[in-house]
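Inside the fold
In case you want the letters, here they are:
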Amino acid sequence: MNNYTKQDIIRLVEENDVQFIRLQFTDLFGALKNVAIPVSQLEKALDNKCMFDGSSIEGFVRIEESDMYLYPDLNTFEILPWRPQHGKVARLMCDVYRPEGIPFEGDSRHVLKKVLEKAAQMGYTFDVGPECEFFLFHTDDYGRPTVVTHEKAGYFDVTPLDLGENARRDIILNLEKMGFEIEASHHEVAPAQHEIDFKYDNALTTADNIMTFKMTVKTIAKRHGLHATFMPKPVQDVDGSGMHINMSLSKDGKNIFFDKTDSKRLSKDCYHFVAGLMRHVRGMSCICNPLVNSYKRLVPGYEAPVNIAWSAINRSPLIRIPAARGAGTRVEFRSPDAAANPYLVMALCLAAGLDGIENELMPPEQVGNNMYQMTEEQLERMRIGELPRTLGEACRAFEEDAFVQEVLGAHISEKFLQAKKKEWQEYNKFVSQWEIDEYLYKF
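Source: prediction; values computed, not measured.

Cut-offs used in this document
Residues numbered from 1 in each chain as written. Predicted model: local features only at pLDDT ≥ 70, side-chain atom pairs only at ≥ 80, totals over all residues. Heavy atoms only, no water. Patch = residues over 30% accessible without salt bridge, like charges linked within 9 Å, V, L, I, M, F, W, Y side chains within 5 Å. Areas by Shrake-Rupley, 256 points an atom, 1.4 Å probe, with all protein chains shown as cover. Salt bridge = Lys/Arg side-chain N within 4 Å of Asp/Glu carboxyl O. Buried < 20%, exposed > 50% of the residue type's maximum accessible area, 1.4 Å probe, protein only. Phe/Tyr/Trp six-rings, centres within 6.5 Å; stacked < 30°, edge-to-face > 60°. Lys NZ or Arg CZ within 6 Å of the ring centre and 35° of its normal. Axes fitted to C-alpha atoms, helices over the stretch in contact; angles between N-to-C directions. Helix = DSSP H or I, 4+ residues; strand = E, 2+ residues; numbered from the N terminus. Parallel < 35°, antiparallel > 145°, perpendicular 65-115°, else oblique. Left-handed = near helix turned anticlockwise from the far one by under 90°. Contact = heavy atoms within 4.5 Å. Core = buried A, V, L, I, M, F, W, Y, C linked by side-chain atoms within 4.5 Å. Polar contact = N/O pair within 3.5 Å; in protein donor to acceptor, adjacent residues only side chain to side chain. Expected span 1.5 Å × (residues − 1).

Quick word on a nonpolar patch on the surface
A contiguous nonpolar patch, built from V431, I436 and L440 and spanning about 290 Å² of accessible area, is present on the exposed surface. We classify V431 as exposed; its relative accessible area is 53%.

Have a look at this one:
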């Protein structure tokens, strides 16, 4: 991790002929925003004096209280490798502050930092490794995105079946120039679907990295004449794209999820953490799966979780414990998708896990069977609950979980729920082509 000072940033800008700085932040719904400044305004930015209109950002504030300030996180300084080499462009991730010098309660990065601070007070370090999936589609003659692809490649296929290999290679090279440690990349199950995995890090750095990753993927794909999308289910009848979250907690440098004396070699804290996730997962769904389209992915038959269960012996449940033990012991949470705001997802995952630890919650028995092949009768007999099936149901579950709302704070909870209810209402008014094809002739 970098440990830059203000003087370091000024020196790096001068040495690398940087002419523009992008001050980046993430809005409530996970969209990356930025204000670009010339290098002449750098010192002003580093003194936290760059202001923007918060009322213009959805989910932020009213026009009567619109002034907001960007406080750059110096350790996030990176030069964007795809920009011109003469007069380079760099970026800094920022926190959002009110004019009074206090963090803005609607800043999702601040929400994550608060939960991480609580974990630190308990002696914990929270590390996260994401698995980000996306599709690469063709664009039309006007450069607009389509869902057209000429390839028919599947899981782990190679060229010539994998027609996105060159774009994926370029994406990785650019990510590595920005300090990413790429662990693996491959073609995913569906045609035009890809995955690039980068190394775990502390949760704040990982959330920043996810935002940088999505920006990079989209930018480099466009240079290859392609459109990259993190939409969870852009094509029906194929697998959707998820963003699995692999989590571990450490204390005094040791992974607290591991216990060699346990039959599964898992600690009580690991069981408690899993139980906390299971207790709050329905209330978290509105954040982890924030779109109407998210719930087209969370359906039976496409390797995405549908029910609330866990296992240390198979891959199919919502929460799984991969085989690695010792320092590599981790909890994998499989429902989130990359349309979600990563800061809020990680804040809720950690808070829910800590709730389980603090209250010594215990999960039900693990599921040994393949969840994809279990019948409704089996699930009912084992008392296995299910995730929300629609955004509307997820909104109701969110309203019923006071703990989730407390973690996010009143501002984010109110604004987010208001926007998602509106999205669900708008969707319910829409007459789809499926309805026309299914009913017009019959009735």
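There's plenty left to go through after this.
Structural notes on the packing of aromatic side chains
Under the defined criterion, the tally for this structure stands at 16 aromatic pairs. Centre to centre, the rings of Y439 and F443 are 6.0 Å apart; their planes meet at 55°, and the pair counts as tilted. Each residue in the set F134, F180, F198, F213 and F230 is aromatic and connected to the rest through ring pairs, giving one cluster. The ring of Y302 has K233 sitting right over it, with the charged end atom 3.8 Å from the ring centre.

Quick word on the packing of helix α10 (residues 391-400) against helix α12 (residues 410-429)
Running from amino to carboxyl end, α10 crosses α12 at an angle of 155°, the nearest separation of the two axes being 9 Å. The orientation of α10 with respect to α12, classified from their angle, is roughly antiparallel. Between α10 and α12 the crossing geometry is left-handed. In contact with L391, G392, C395, F398 and E399 of α10, α12 contributes S413, L417, K420, K421, E423 and W424.

Considering the pattern of salt bridges
Two side chains of opposite charge can pair, provided their charged atoms sit close to one another. The final tally for this structure, using the stated rule, is 19 salt bridges. Ionic pairing is found between E15 and R11, a salt bridge with its closest N-O pair at 3.4 Å. Separated by four residues within a single helix, E15 and R11 lie in helix α1 (residues 6-15), roughly one turn from each other. When the shortest N-O distance is used, the salt bridge between R109 and D95 registers 2.9 Å. Note that R109 is positioned in helix α3 (residues 108-121) and D95 in strand β6 (residues 88-97), a separation of 14 residues in sequence. Accessibility classification places R109 together with D95 in one group, the buried group. Counted as one network, the salt bridges with shared partners bring together D73, D95, R109, K113 and D208.

Focus on the environment of E165
Relative to the assigned elements, E165 resides in helix α4 (residues 165-177). Once the C-alpha coordinates of E165 and A275 are considered, the two residues, 110 residues apart in sequence, prove to be 40 Å apart.

Some points on the environment of P103
Mapped onto the elements, P103 comes out in the loop between β6 and α3. Take P103: its relative accessible area is 29%, and that puts it in the partly exposed class. Each C-alpha atom of the pair P103 and L70 lies 10.0 Å from the other, and the pair is 33 residues apart in sequence. Residues within four places of P103 in sequence aside, it is in contact with V96, Y97 and H110.

Brief notes about the nonpolar core
For soluble globular proteins, the rule of thumb is that nonpolar side chains tend to be buried together. Residues F213, M247, L249, V331 and F333 are the most contacted members of the largest nonpolar core, which totals 96 residues. Top element by residues in this core is helix α8 (residues 342-358). It accounts for twelve residues. Ignoring anything within four residues of it in the chain, the contact list for F333 reads H244, I245, M247, V281, M284, C288, L318, I319 and C349. Formed by 23 residues, the second largest nonpolar core is a distinct cluster that contains I9, V18, I37 and I57.

Focus on the side chain of D127
Take D127: it is sitting in strand β7 (residues 124-138). A distance of 3.3 Å separates the side chain of D127 from the backbone nitrogen of N202, its partner in a polar contact. Beyond its immediate chain neighbours, meaning those up to four positions away, D127 contacts Y200, D201, N202, N246, M247, S248 and S250.

Observations regarding helix α5 (residues 203-223)
The end-to-end C-alpha distance of α5 is 30 Å, a good match for the 30 Å that 21 residues give at a rise of 1.5 Å each. When you tally the buried positions in α5, you get 17 out of 21 residues, the bulk of the element. One or two positions beyond α5, positive phi appears at G225, with a value near 75°.

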